[in-house]
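Now for the letters of each chain:
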Amino acid sequence: MEFRDLKAQYAALKDEIDQGIADVIASSHYIGGAPVKQLEQELAEYVGVKHCITCGNGTDALQLALMAWGIGKGDAVIVPDFTFFSSGEVVSTVGATPVFVDVLEDTFNIDSAQIAPACELARKNGLNPKVVVAVDLFGQPADYVEIRKACEEQGLLLLEDGAQGFGGSINGKRACSFGDISTTSFFPAKPLGCYGDGGAVFTDSDEWAALIRSIAVHGKGSMKYDNVRLGMNSRLDTIQAAILLPKFHAFRDYELDAVNERANWYHEALSGSGLKLPEVRNGYVSSWAQYTVILSNNVDRDILQARLRELDIPTMIYYPKPMHEQKAFEGSCLSLPCHTAENLCRTVLSLPIGPYLTEADAVLVAQALISQTM
Ligand SMILES: *Cc1c(COP(=O)(O)O)cnc(C)c1O
């Protein structure tokens, strides 16, 4: 069984994807070709923001946002303690200090009540709190009503890390539109993935969009060989854009519904099993980047994974270590108490999911999990 079945997806979309790749090769416009512009327009329209700027990957997308805002030494950026490393890494990369805060157990997302105390901690340490990075972990948007309120009270910018959240929504408003700047990743296993690395930045601000377009191409000014600031080299290849176009259409037209149907299969099959199942809040839609259950404390997770592996059921631990315990941040981060994040790291287990998961496989996973944990 595949953890996320990218082969089945390719089989379904092969003709369009192969044609798209062949057309790019024939055109020889490998960088900045027409499919890149078309993709940016279609994604901006779908998300409901004015600008989409594609770039090299989801990590660069976050860094581009922080660079556009001039975040650096002496600044503090508030980041959830339970997320992929990039969400905090970019803060240190630009010279600022990450302040890690706890998450909510029911959504895995940042606890907005921690934003004010995190600002206080930063100020006490002589830092200026500037930004909150809110992550749409495992596909469900964070609580942007409460987060936005806290940002306004504290005078903070909001950066939505939608690397796992693309396609999710709150009352019909789509993920990647909630931040002052929002980002996503097209890493192959994300809800919308390409066949290599890729990412995008979204914003309604003309000024920030122009800055990010400049920073992503060596700080270009009026043209490529007029460099007005230090930047990066971070672009989405035309071939990746050509792959993403048919994949985006499938995602929009039926894959997002299909993956939600599969999450419902799990929910029904595992209800009453004693496992804590992922909950999607009222009015929220998840894009199910992961289907992550919480095991009770007495389950030996290593043994469970090994038994499932023997049954050809792949599982993953997202994530085994909280951010504040990562060696890379040793002595260079601040942290509030993060007991929920610590506990999640010990008890989470992510199951195979994706729009191409078969019903037979979902049943197999659920039955194996029940018989191994009861
Ligand atoms: C994958 C991921 C990123 C980074 O994206 P890349 O394209 O791999 O650089 C950032 N944040 C989160 C939450 C992610 O899951």
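See the structure printed just above.
Here the structure is a predicted model, which is why all the values come from computation and not from measurement.

The rules behind each value
- Residues numbered from 1 in each chain as written.
- Predicted model: local features only at pLDDT ≥ 70, side-chain atom pairs only at ≥ 80, totals over all residues.
- Heavy atoms only, no water.
- Helix = DSSP H or I, 4+ residues; strand = E, 2+ residues; numbered from the N terminus.
- Rg over C-alpha atoms; globule rule 2.2 N^0.38 Å.
- Buried < 20%, exposed > 50% of the residue type's maximum accessible area, 1.4 Å probe, protein only.
- Areas by Shrake-Rupley, 256 points an atom, 1.4 Å probe, with all protein chains shown as cover.
- Core = buried A, V, L, I, M, F, W, Y, C linked by side-chain atoms within 4.5 Å.
- Contact = heavy atoms within 4.5 Å.
- Bend = angle between axes of the 7 residues up to and from the residue.
- Phe/Tyr/Trp six-rings, centres within 6.5 Å; stacked < 30°, edge-to-face > 60°.
- Lys NZ or Arg CZ within 6 Å of the ring centre and 35° of its normal.
- Polar contact = N/O pair within 3.5 Å; in protein donor to acceptor, adjacent residues only side chain to side chain.
- Near = heavy atom within 4 Å.
- Nonpolar A, V, L, I, M, F, W, Y, C, P; charged D, E, K, R; others polar.
- Pairing = 2+ DSSP bridges.
- Axes fitted to C-alpha atoms, helices over the stretch in contact; angles between N-to-C directions.

With respect to the overall build of the chain
Assigned secondary structure in the chain consists of eleven helices and 13 strands. For 374 residues, the compact-globule estimate of 2.2 N^0.38 gives 21 Å, and the C-alpha radius of gyration of the chain, at 21 Å, lies within 12% of that figure. Once the C-alpha set of the chain is aligned to its principal axes, its extents read approximately 65 × 60 × 35 Å. In the chain, buried positions account for 55% of the 374 residues. When the accessible surface of the chain is totalled, it reaches about 15,700 Å², and 51% of it is carbon and sulfur.

Considerations on the nonpolar core
Counting 90 residues, the largest nonpolar core has F82, F166, L270 and Y291 as the members making the most contacts within it. It is helix α8 (residues 238-270) that provides the largest number of residues to this core, a total of eleven residues. If we skip the residues at most four places from it in the chain, Y291 touches A263, Y266, H267, L270, L277, P278, L349, S350, L351 and I353. With 25 residues, the next largest nonpolar core counts L127, A134, Y144 and A175 among its residues.

Comments concerning α8
Along α8, the sharpest change in direction is near 55° and occurs at F251. Positive backbone phi, approximately 80°, marks G272, located one or two places after α8.

Here's the deal with the packing of aromatic side chains
Across all of its chains, the model carries 19 aromatic pairs by this definition. A centroid spacing of 6.4 Å and a plane angle of 15° characterise the contact between F138 and Y319, whose relative ring orientation is stacked. Taken together, the positions of F138 in the loop between β4 (128-135) and α6 (144-154) and Y319 in the loop between α9 (301-310) and β12 (334-335) put the pair 181 residues apart, joining distant regions of the chain. Take Y319: its relative accessible area is 11%, and that puts it in the buried class. These aromatic residues form a ring-pair network of at least three members: F3, F82, F84, F108, F138, Y318 and Y319. In this arrangement the basic side chain of R174 is found over the ring face of Y46, its NZ or CZ atom lying 3.9 Å from the centre. The ring of F84 has K190 sitting right over it, with the charged end atom 5.7 Å from the ring centre.

Overview of unusual backbone geometry
Omega for the peptide link from Y318 to Y319 comes to 5°, which places this bond in the cis form. For F108, which is not glycine, the phi dihedral falls at a positive 70°. Note on placement: F108 falls in the loop between β3 (97-101) and α5 (115-124). Residue class for F108 comes out buried when judged on its relative accessible area of 4%.

Observations regarding the side chain of S185
Looking at the element boundaries, S185 is found in strand β8 (residues 181-185). Classification of S185 as buried rests on a relative accessible area of 7%. Among the polar contacts made by the side chain of S185, one reaches the main-chain amide nitrogen of F187 at a distance of 3.0 Å. Apart from the residues within four sequence positions on either side, S185 is in contact with G58, A163, K190, L192, G198 and G199.

Comments concerning the site of the ligand
Every one of the 14 residues lining the ligand counts as a neighbour, but G58, T59, D161, S185 and K190 are closest to it. Separating an oxygen atom of the ligand from a side-chain N or O atom of N57 is a distance of 3.4 Å. S185 is positioned such that a nitrogen or oxygen atom in its side chain is 2.6 Å from an oxygen atom of the ligand. Against a free-state accessible area of 380 Å², the protein chains account for coverage of 93% of the ligand. If you list the elements that add at least two residues to the shell around the ligand, you get α3 (58-68) and α4 (86-93). Considering only residue class, the shell around the ligand consists of three nonpolar, nine polar and two charged.

A few points about the sheet that holds strand β2 (residues 75-80)
What links the strands of a sheet is backbone hydrogen bonding, and the strands pair in either a parallel or an antiparallel sense. Here we have eight strands laid out as an open sheet, ordered β1-β9-β8-β5-β4-β2-β3-β12, and mixed in their pairing. Bordering the open sheet on either side are β1 (51-55) and β12, each of which pairs with just one other strand. In this sheet, strand β5 (residues 157-161) lies alongside β4 in parallel orientation, the contact comprising five bridges. In the sheet register, V135 faces β5, and the bridge partner there is D161. Relative to β1, helix α2 (residues 34-47) is tilted by about 130°, and along the sheet it contacts β1 and β9 (199-203).

Worth remembering: the numbers are spatial, not functional.
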